[in-house]
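Chain by chain, the residues:
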Amino acid sequence: MTDSAVLHIKGRVLAGPDDVREDLWVVGGRVTFTRPAGSREIDTVEGWALPGLVDAHCHVGLDAHGAVDEATSEKQALTDREAGTLLIRDAGSPADTRWIDDREDLPRIIRAGRHIARTRRYIRNYAHEIEPEDLVAYVAQEARRGDGWVKLVGDWIDRETGDLSSCWPPGAVAAAIAEAHRLGARVTAHCFAEESLAPLVEAGIDCIEHATGLTEETIPLFAERGVAIVPTLVNIATFPQLAAGGEQKYPRWADHMRRLHERRYDTVRAAYDAGVPVYVGTDAGGALAHGLVAQEVGELVKAGIPALDAVSAAAWGAREWLGRPGLVEGAAADLVVYDADPREDVRVLGSPRRVILRGRVVG
């Protein structure tokens, strides 16, 4: 397709969960629902169109050992793109990936800066490892470096107790979150365990990653405060393997991880039923492969979330939460076309027919 060509999306355009259009045109890389006048070249793609999918917990520029080079980062971003993920909330990375913003063929990224963790309480080479008295300063630094988000490590294994425990005293984290909000950034935190959740929510946090420790006591607090969760169920599936690897040294932690895994679906469904906002994220880029967004939507359905809402958690709803447009008049044309209706069968998301980024067919 040339720069002057018009792309016609014909069939069913899912501009919203219940907003179905028959046609969409791409003119100059932008969406319009009005057929353009004139006799320009027109290419047609038929099928079911969704706004480009969102992976709200992804790590471009990171692998199991830390920061990766640009060639590896590019491969990660392309893998996500081929899966239909065109918007990524990068939930912490030590690599500088700003160069991706200049690439018209790579997904758009909303960065949370680098993880902020307690000293020796996270994966080596990932985070700024600091003590509570420095938390406000580092949160301010990453708020300025990021794209409206900051990522904390809320809990991790404590080698002295041999189990998961909170990383930050309530006063320090409350001051840090207040500083992030003052600078216009939202704050999210990695949390597996139960005990870290209520203090973070009471401190004003905006989102919790994983949230496996939610209970009937804390779920109403999340719902009342409107705190979102990104469950990353494709990552939680690895808990038994992690537990087996650490059981000899940390048996208490291993047992805890298995229990969190066993109730993972019940936890997510209970949060959803209570009105807690739930969004799709894969945790790709650490130990997990990229391109798993369809699998994560499927995991939400297994947890009991209706298919329409599970799709929205990776499409319309996720984009609204992150402040990015979907298929609306004048928006950048980032969309994915499928052979069937993903609202009826979310497995359709695993096989994009066409991927269109910034108005160009790229996959």
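Residues numbered from 1 in each chain as written. Predicted model: local features only at pLDDT ≥ 70, side-chain atom pairs only at ≥ 80, totals over all residues. Heavy atoms only, no water.

1. Topic: unusual backbone geometry
Even without being a glycine, His 210 presents a positive backbone phi close to 75°. In this model, Ala 211 sits at a positive phi of 60°, which is unusual for a non-glycine residue.

2. Here's the deal with the pairing of strand β2 (residues 19-27)
One face of the sheet, then the other: side chains in a regular strand alternate in exactly this way. For clarity, the threshold we go by: Criterion used throughout: strands pair if DSSP finds at least two bridges between them. Only runs of H or I of at least four residues qualify as helices and only runs of E of at least two qualify as strands under DSSP, and these elements are numbered from the N terminus.
Pairing geometry for strand β1 (residues 6-16) and β2, over seven bridges, is antiparallel. The residue bridging Leu 14 from the neighbouring strand is Val 20, located in β2. Looking at chain direction, β2 and strand β3 (residues 30-32) are connected through three bridges and run antiparallel. Across the sheet, Trp 25 pairs through a bridge with Thr 32, a residue of β3. Between β2 and β3, which pair antiparallel one after the other, the connecting turn spans two residues, and Gly 28 there sits at a positive phi close to 60°.

3. Concerning the sheet that holds strand β8 (residues 85-90)
Convention followed: Angular values range over 0 to 180 degrees, each being the angle between N-to-C directions of two axes fitted as lines to C-alpha atoms, with helices fitted over their stretch in contact.
The strand order β5-β8-β9 describes an open sheet built from three strands, whose pairing is parallel. Only two strands of the sheet have a single partner each, and these edge strands are β5 (53-58) and β9 (108-111). Across the sheet, the mean angle separating the axes of adjacent strands is 20° when strand polarity is ignored. Looking at chain direction, β5 and β8 are connected through four bridges and run parallel. Bridge pairing in β8 places Val 54 opposite Leu 87.

4. A short note on the packing of aromatic side chains
Spelled out, the test is: Only the six-membered ring of Trp is used, alongside the rings of Phe and Tyr, when aromatic pairs are assigned; centres must lie within 6.5 Å, and planes under 30 degrees apart are stacked while those over 60 apart are edge-to-face, with the rest tilted. We call a residue buried when its accessible area falls under 20% of the maximum for its residue type, exposed when it is over 50%, and partly exposed in between, using a 1.4 Å probe and counting protein chains only. Charge over a ring is defined by NZ of Lys or CZ of Arg lying within 6 Å of the ring centre and within 35 degrees of the ring normal.
One pass over the full model with this rule turns up six aromatic pairs. A centroid spacing of 4.8 Å and a plane angle of 75° characterise the contact between Tyr 122 and Trp 156, whose relative ring orientation is edge-to-face. Remark: Trp 156 occurs in strand β13 (residues 155-158) and Tyr 122 occurs in the loop between β10 (116-118) and β11 (128-130); sequence separation between them is 34 residues. According to the relative accessible area criterion, Trp 156 is buried, its value standing at 17%. Three or more aromatic residues joined by ring pairs make a cluster, and in this case those are Tyr 122, Tyr 126, Trp 156, Phe 192 and Phe 239. For Arg 89, the ring lying beneath its charged end belongs to Trp 149, and the centroid distance is 4.6 Å. Of note, Arg 264 hangs over the ring of Tyr 265, and the distance from its end group to the ring centre comes to 4.3 Å.

Geometry only, nothing functional implied.
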